[in-house]
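# A closer look at the structure
For reference, the chains in residue letters:
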Amino acid sequence: MTRSEMLFERAVKRIPGGVNSPVRAFGSVGETPRFIASAKGAWLTDADGRRYLDYVGSWGPMILGHNHPAVREAVLEACSQGLSFGAATEREVEMAELICSLVPSVEMVRMVNSGTEAVMSALRAARGYTGREKIVKFAGCYHGHCDAMLVKAGSGVMTAGVPDSAGVPKGCTKDTLTVSYNDLKSVEALFETCGREIAAVIVEPVGANMGVVLPEKGFLEGLRSLCSRYGSVLVFDEVITGFRLGLSGAQGYFGVEADLTTFGKIIGGGMPVGAYGGKREIMETVAPLGPVYQAGTLSGNPVAMAAGLAELRTLRDTPGFYEELHRKSQMLFEGMREILKKAGSPFQINAAGSLGCLFFTDQEVRDYASAKTSDSSAYAQYFSHMLNRGIYLAPSQFEAMFVSAALTEEEIGKTLQAVQCFFT
């Protein structure tokens, strides 16, 4: 028995499912979770000393690679000064100024502790600002585990085969309206029916919790137009795409600005953190300025702020960072497409910048319904094959691959060799 297996045997006795988040479970791929002991650059090392090329990157924030010197040193310095104060710090101000300088639509920002908390708070602000109650979301888009958003969510919920969640009162979701991603006509019809009751439309600008699903031409622009016409708040959930697709996130990548934006782990360099921000007039409804209450003892934690500042400044100050990251990503995803083509495989690869996903379906994947046609059992075989060759992928068909700047061309070649071995 491996050490990871022994640790899992202990974990299941005290932790539900043996993991502290469902997306860490390996049950859907027929494996035992690997317990990670350390990480550096593009590599993970598990409790048994096995090394893996990492395409999860702590679900996105490790865009620089693991244990980056600038981030590590910033954290160590901050720790030497204290771990938490429950009071205002200079780093919070610096972080707010930095985010607002990088994302043009964000004029004010409030720090929180997770992407879930950011979404929950942003939607409350949207409701408080508009005086309306209905929220529009898209099937397959995951916005954290707040009650109102656990309706046709993606990510781990898709893998588990659970359409919603037990324990969520019907009253919490009665004002959540679900439509199809990339189906602008369905959104237009909804607005024609009850547009003046809709407080907000929330969307992942790239659907990255049902694999990777790109917005079709005109989709995000159409949402922007509808929200402007009806006085609703457009919320971009950029927990995954924020600072991943570029310094101004998906909004800069696609040229569409939101009214409110939610951010997650990447602004903490992997530390527990989140934020929501946007137009000044909306954010000024948040306490203590306005009537929308939201608070948190650990919000703006000094260690998390230090890590996030180091990461974002490195992204900003490294010439050609995103161009090089996207070049490597294209090398990987185009290489996979070429392998599939030569093998005569009908499977699909969707990619945006350094995000990508291989779907085991012959259908074009453009929404939740088409994503669900992917063969999860085939993905499980692929996952095990790659893991056995030292390639660490998400243990779910419906998660993205995250490419980090630490990945080398040689390591991309090693990955492609493993992919080719599976399909030949």
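Summary of the structure given here. What you see is a predicted model; the values in this text were computed from it and never measured. (Residues numbered from 1 in each chain as written. Predicted model: local features only at pLDDT ≥ 70, side-chain atom pairs only at ≥ 80, totals over all residues. Heavy atoms only, no water.)

## With respect to unusual backbone geometry
For the record, the criterion: Strands here mean DSSP runs of E at least two residues long; helices mean DSSP runs of H or I at least four residues long; both are numbered from the N terminus. The classification of residues rests on relative accessible area computed with a 1.4 Å probe and restricted to protein chains. Under 20% of the type maximum is buried, over 50% is exposed, and intermediate values are partly exposed.
Along the chain, alanine 287 connects to proline 288 via a cis peptide bond; the corresponding omega equals 10 degrees. Relative to the assigned elements, proline 288 resides in the loop between α10 (280-283) and α11 (302-317). One non-glycine residue, serine 58, adopts positive backbone phi at about 55 degrees. Tracing the backbone through its elements, the reader meets serine 58 in the loop between β3 (51-54) and α2 (69-81). Here serine 58 falls in the partly exposed class, since its relative accessible area comes to 32%. With phi around 65 degrees, tryptophan 59 is a residue other than glycine that occupies positive phi space. With respect to the secondary-structure elements, tryptophan 59 resides in the loop between β3 and α2.

## Structural notes on the packing of aromatic side chains
Rule in force here: Under the pairing criterion, centres of Phe, Tyr and Trp rings, with the six-membered ring standing for Trp, must be within 6.5 Å; the plane angle then separates stacked pairs below 30 degrees from edge-to-face pairs above 60, leaving the rest tilted. Charge over a ring is defined by NZ of Lys or CZ of Arg lying within 6 Å of the ring centre and within 35 degrees of the ring normal.
In this structure the tally under the stated criterion is 21 aromatic pairs. Taking 5.4 Å as the distance between ring centres and 80 degrees as the angle between the ring planes, the aromatic pair formed by phenylalanine 26 and phenylalanine 383 counts as edge-to-face. Remark: phenylalanine 383 occurs in helix α14 (residues 376-388) and phenylalanine 26 occurs in the loop between α1 (3-14) and β1 (36-40); sequence separation between them is 357 residues. For the pair phenylalanine 26 and phenylalanine 383, one class covers both residues: buried. With a centroid separation of 5.0 Å and 85 degrees between ring planes, the pair formed by phenylalanine 422 and phenylalanine 423 is classed as edge-to-face. The structure contains a cluster of three or more aromatic residues connected by ring pairs, namely Phe26, Tyr52, Phe347, Phe360, Tyr379, Tyr382, Phe383, Tyr392, Phe422 and Phe423. Seen from the ring of tryptophan 43, arginine 51 lies directly overhead, with NZ or CZ sitting 4.3 Å from the centre.

## Some points on the pattern of salt bridges
Let me state the cut-off plainly: Counted as salt bridges are all cases of a side-chain nitrogen of Lys or Arg within 4 Å of a carboxyl oxygen of Asp or Glu.
Under the definition given, this model contains 13 salt bridges. For arginine 72, the salt bridge goes to glutamate 73, with nearest N and O atoms at 3.7 Å. Residue classification places arginine 72 among the partly exposed residues on the basis of a relative accessible area of 31%. Residues aspartate 367 and arginine 366 are paired through a salt bridge, measuring 3.6 Å at the closest nitrogen-oxygen approach. Owing to a relative accessible area of 25%, arginine 366 belongs among the partly exposed residues under this scheme. Through salt bridges with shared partners, a single network forms among Lys134, Lys174 and Asp175.

## A look at the environment of glycine 115
Mapped onto the fold, glycine 115 is located in helix α4 (residues 115-130). A relative accessible area of 16% means that glycine 115 is categorised as buried. Along the primary structure glycine 115 and isoleucine 240 are separated by 125 residues, whereas in three dimensions their C-alpha atoms are 9.3 Å apart.

## A word on the sheet that holds strand β11 (residues 348-352)
In plain terms, the rule: Strands are labelled as partners when DSSP assigns at least two bridges between them. What makes two residues a contact is simply this: any of their non-hydrogen atoms within 4.5 Å. For helices, the fitted line uses only the C-alpha atoms of the stretch in contact; every axis is such a line through C-alpha atoms, and the angle between N-to-C directions lies from 0 to 180 degrees.
One open sheet holds the three strands; their spatial order is β11-β12-β14, and the pairing between them is antiparallel. Of all strands in the sheet, those bounded by a partner on one side alone are β11 and β14 (401-402). Of the pairings in the sheet, the one linking β11 to strand β12 (residues 355-359) comprises five bridges and is antiparallel in character. Following the sheet pairing, asparagine 350 is matched in β12 by cysteine 357. With respect to the sheet, helix α12 (residues 321-343) is in contact with β11, β12 and β14, its orientation differing from that of β11 by roughly 165 degrees.

## Notes on the sheet that holds β3
What the four strands build is an open sheet, ordered β1-β2-β3-β13; its pairing is mixed. Every other strand in the sheet has two partners, leaving β1 and β13 (391-392) as the edge strands with one partner each. Bridge analysis of strand β2 (residues 43-46) against β3 gives three bridges, and the strand direction is antiparallel. Bridge assignment links leucine 44 to a residue of β3, and that residue is tyrosine 52.

## Some thoughts on the nonpolar core
To keep it simple, the criterion reads: The set of buried Ala, Val, Leu, Ile, Met, Phe, Trp, Tyr and Cys residues whose side-chain atoms join them within 4.5 Å is what this entry labels a nonpolar core.
If you look at the biggest cluster of nonpolar residues, it comprises 70 residues, and the most contacted ones within it are Ile99, Phe243, Ile267, Leu332, Met336, Tyr382 and Leu393. The dominant element in this core, judged by the number of residues it contributes, is α11, at nine residues. Ranked by size, the runner-up nonpolar core spans 41 residues in total, among them Val187, Cys194, Val212 and Val365.

## Digging into the packing of α2 against α11
This is how it is decided: Roughly parallel refers to an angle under 35 degrees, roughly antiparallel to one over 145, roughly perpendicular to one between 65 and 115, and oblique to any angle outside these ranges. The handedness criterion is simple: a crossing whose near helix is rotated anticlockwise from the far helix by less than a right angle is left-handed, and one whose near helix is rotated clockwise is right-handed. Each residue receives one of three labels: charged for Asp, Glu, Lys and Arg, nonpolar for Ala, Val, Leu, Ile, Met, Phe, Trp, Tyr, Cys and Pro, and polar for the others, Gly being one of them.
Between α2 and α11, whose axes approach to 8 Å, the crossing angle comes to 155 degrees. Relative to α11, the element α2 lies roughly antiparallel. Crossing of α2 over α11 shows right-handed handedness. Residue-level contacts link Ala70, Val71, Ala74, Val75, Ala78 and Cys79 of α2 to Pro302, Val303, Ala306, Ala307, Ala310, Glu311 and Thr314 of α11. Here the residues of the contact of α2 with α11 sort into eleven nonpolar, one polar and one charged.

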